[in-house]
Amino acid sequence: MEEYETALPAGGSAAHVALEDHRTSPLVRVHHALHVHPTIIPAFILLLSVLLFSAVVGGRFFAPFNLSLILQQVTIIGTIGIAQTLIVLTAGIDLSVGAIMVLASIIMGRIAVAYGLPVELAFAAGLLVGIVAGGLNGALITLFRLPPFIVTLGTWSVYFALVLYTSNSETIRSTDIAVTAPFLQWTGNSIDVFGAQITYGSLLMLLMTVAAWYLLNWSAFGTHIKATGDDSDAARLAGIRVTRTLLATYSLAGFICALAGWILIGRTGAISPQSGYTSNLDSITAVVIGGTSLFGGRGSIWGTLLGALIVGVFRNGLALAGVDVLWQEFTVGVLIIVAVAIDQWIRQASA
């Protein structure tokens, strides 16, 4: 017995040694790395998908124009994905981001084109509508303690009804916007970079991604967002004003959605009440595939951008390979299920 005890660390026991071995095992280290760096998996999947489709479709995939086309295709989803990420980090969800985006674009177009008012006023009004719509979501959730899923499901219907009402179910044509309010189409302009057409909307999305990353990692507000999503009761006990944080987060998300509405006008050229109908689910797809936990507290803005790019690469690559749209959507669905399964695995390992 004495020989056995002397073989153990001072003050230790057999159980203690077993626990230390478990903590230092390779699998646990992998769990910890994935928990601390949630962008590892989406970055790896993006790299694999790029290599896969470059091998399948050849040089067409790496053509500068095709790569810029992928970036253009994910610009809208990447932008509202930023808003969705901020909300999901608080352990919430917003099913109305697409509706807010379209409503803001309709307001901008109606004021500038239909009513002939200054485009600066129209642009400011659209941004204000986004802030108010997002703030209303936050107010209903915090003041009445309602589930974010139910609240935003309801406001999704309300905001789309307002879209149809304010637009009279009519599309504002591209030519009309170009004549009366070309500023609204500015985000659709592009610059040529070695054959790639990079739009100002894509550059704006990247700029907002950097700004959101800085906000989350280098500001007190970003720390409050993550703490609220990780454990709201503990955050409240630590002195964080959880209600104010949630209100500010949802309002900021609405502002970002309004900017996405501006980018949407530039992307499509026209302003249609039917555009962006699937953007709500697409933004959640980008967030989930990007490694942000739906339970809050863990995630990354860069992961969301990677998630949007993964979806864009798969759809573009499958289209170049001649695969039917049906199977493109099937593939995206599989990616979502795999991403959620990985998130659950990481959460259980962390627990």
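Residues numbered from 1 in each chain as written. Predicted model: local features only at pLDDT ≥ 70, side-chain atom pairs only at ≥ 80, totals over all residues. Heavy atoms only, no water.

S.K.: How would you summarise the layout of surface pockets if you had to cite specific residues and measurements?
M.R.: If you add up the space inside the largest pocket, you get close to 480 Å³. Among the secondary structure elements, those contributing two or more residues to the lining of the largest pocket are α5 (64-88), α13 (242-268), α14 (279-289), α15 (301-320) and α16 (325-350). The residue makeup of the lining of the largest pocket, split by class, is 10 nonpolar, 8 polar and 4 charged. When its volume is computed, the second largest pocket comes out at roughly 340 Å³. Around the second largest pocket, the lining is made up of 16 residues, and of these I141, S232, R236, V242 and L246 lie nearest the centre. Elements with a minimum of two residues in the lining of the second largest pocket: α7 (119-143), α12 (232-237) and α13. When its residues are assigned to classes, the lining of the second largest pocket shows 7 nonpolar, 6 polar and 3 charged. (1 Å grid on protein atoms, 1.4 Å probe; cavity = no way out; pocket = protein on both sides within 12 Å on 5 of 7 lines; lining within 4 Å. Points joined across faces, edges and corners; volume = space filled by probe spheres on them. Helix = DSSP H or I, 4+ residues; strand = E, 2+ residues; numbered from the N terminus. Nonpolar A, V, L, I, M, F, W, Y, C, P; charged D, E, K, R; others polar.)

S.K.: Break down the nonpolar core for me, with residues and values.
M.R.: With 62 residues, the main nonpolar core has I80, M101, M108, I177, L184, M208 and W262 as its most contacted residues. Elements represented by at least two residues in this core include exactly α5, α6 (97-114), α7, α8 (148-167), β2 (196-199), α10 (200-218), α13 and α15. No other element matches the 13 residues that α6 contributes to this core. Beyond its immediate chain neighbours, meaning those up to four positions away, L184 contacts M108, G109, A112, V119, I177, W262, I265 and G266. V50, L306, V311 and L318 belong to the second largest nonpolar core, which has 20 residues in total. (Core = buried A, V, L, I, M, F, W, Y, C linked by side-chain atoms within 4.5 Å. Buried < 20%, exposed > 50% of the residue type's maximum accessible area, 1.4 Å probe, protein only. Contact = heavy atoms within 4.5 Å.)

S.K.: I'd like a rundown of the side chain of Q72, residues and numbers included.
M.R.: One can find Q72 in helix α5. Overall, the relative accessible area of 13% leaves Q72 in the buried class. Here the side chain of Q72 touches Q197 through a polar contact of 2.8 Å, landing on its backbone oxygen. (Polar contact = N/O pair within 3.5 Å; in protein donor to acceptor, adjacent residues only side chain to side chain.)

S.K.: Tell me what's going on with the pattern of salt bridges, and back it up with residues and numbers.
M.R.: If the charged atoms of two oppositely charged side chains come close together, the side chains can form a pair. Under the definition given, this model contains 3 salt bridges. In this structure, R173 and D176 form a salt bridge, with 3.2 Å as the shortest nitrogen-oxygen distance. For R236, the salt bridge goes to D233, with nearest N and O atoms at 3.4 Å. Of this pair, R236 and D233 both sit in helix α12, 3 residues apart, roughly one helical turn. Looking at R236, the relative accessible area reads 40%, which means it is partly exposed. (Salt bridge = Lys/Arg side-chain N within 4 Å of Asp/Glu carboxyl O.)

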